[in-house]
Amino acid sequence: MKRIAIFASGSGSNAEAIWQSIERGVLEAECVLLVTDQPEAKVLERAERYGITSFSFIPKSYASKADFEEEILVLLTSLRVDYIVLAGYMRLIGEVLLSAYPSRILNIHPSLLPHFPGKDAIGQALAANVSVSGVTVHYVDAGMDTGPIIAQESVEIEECDRTEATSRIQAVEHRLYPRVLQQVLNQQEVFK
Ligand code: GRF
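Fair warning: this is a prediction, and the values are worked out from it, not measured in the lab.

Rules and cut-offs
Residues numbered from 1 in each chain as written. Predicted model: local features only at pLDDT ≥ 70, side-chain atom pairs only at ≥ 80, totals over all residues. Heavy atoms only, no water. Helix = DSSP H or I, 4+ residues; strand = E, 2+ residues; numbered from the N terminus. Expected span 1.5 Å × (residues − 1). Buried < 20%, exposed > 50% of the residue type's maximum accessible area, 1.4 Å probe, protein only. Arc of directions from axis to C-beta. Contact = heavy atoms within 4.5 Å. Near = heavy atom within 4 Å. Polar contact = N/O pair within 3.5 Å; in protein donor to acceptor, adjacent residues only side chain to side chain. Areas by Shrake-Rupley, 256 points an atom, 1.4 Å probe, with all protein chains shown as cover. Nonpolar A, V, L, I, M, F, W, Y, C, P; charged D, E, K, R; others polar.

Here we take up helix H3 (residues 65–78). For H3, spanning 14 residues, the distance from its first C-alpha to its last is 20 Å, which sits close to the expected 20 Å at 1.5 Å a residue. The complete set of buried residues in H3 reads Phe68, Glu69, Ile72, Leu73 and Leu76. Buried residues in H3, looked at end-on, bunch into an arc of 145 degrees, giving them a common side. Away from the buried face of H3 by more than 90 degrees, exposed residues Val74, Thr77 and Ser78 are located. On its buried face, H3 is in contact with strand E1 (3–8), strand E2 (30–36), strand E3 (54–56), strand E4 (83–86) and helix H4 (95–100).

Laid out in structure tokens, this is it:
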């Protein structure tokens, strides 16, 4: 069974959707670690409820991104993590992790990339008055939401306020991410 680590900075509803899928047996994977750069993040409470070991760090207390990524990498290696799954992790991944996990880091983003990359994608889509936005799951590269796209699903947001648009998009995220993750884990099993 593949071993994953989830990286998150905030609420962690996507992380929870993945843990639920694992508990229900619909996602065949083991989550062995949660990594967060926000020691107060709500995702930590969720991790505790699911019995997931977590590692929190304060980026500013390291001299560089390479320094904290090296420390994370030691943990990932000792836990034999196969895949890194970003779920609302609000930082770019640096060279240390990218080169240790080539095509083994996934992200979910709340828009139809390449539209509305970066922060507050839902707010960007609403401000642009588009009637359809969506969700993208992609591999991570050094850019901001620029890696190869794995899957997308559109969501109608016409006449939605922010609350409604967010809840529609999150509902799709929570269904799509575990499913795509399973596909990626299966595929790479076959090609190994
Ligand atoms: C999600 O919308 C995800 O697409 C984006 O950040 C948000 C995280 O939400 N990358 P949550 O912490 O999983 O609730």
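Next up on the list: the site of the ligand. Close contacts around the ligand come from Ser11, Gly12, Ser13, Asn14, Gly88, Ile108, His109, Pro110, Gln170 and Glu173, and that covers them all. Within the contact set of the ligand, an oxygen atom lies 2.5 Å away from a side-chain nitrogen or oxygen of serine 13. Relative to its unbound accessible area of 360 Å², the ligand is 84% covered by the protein chains. Those elements that place two or more of their residues in the shell around the ligand are helix H1 (13–24), strand E5 (105–109) and helix H6 (162–191). A breakdown of the residues in the shell around the ligand according to their chemical character gives two nonpolar, seven polar and one charged.

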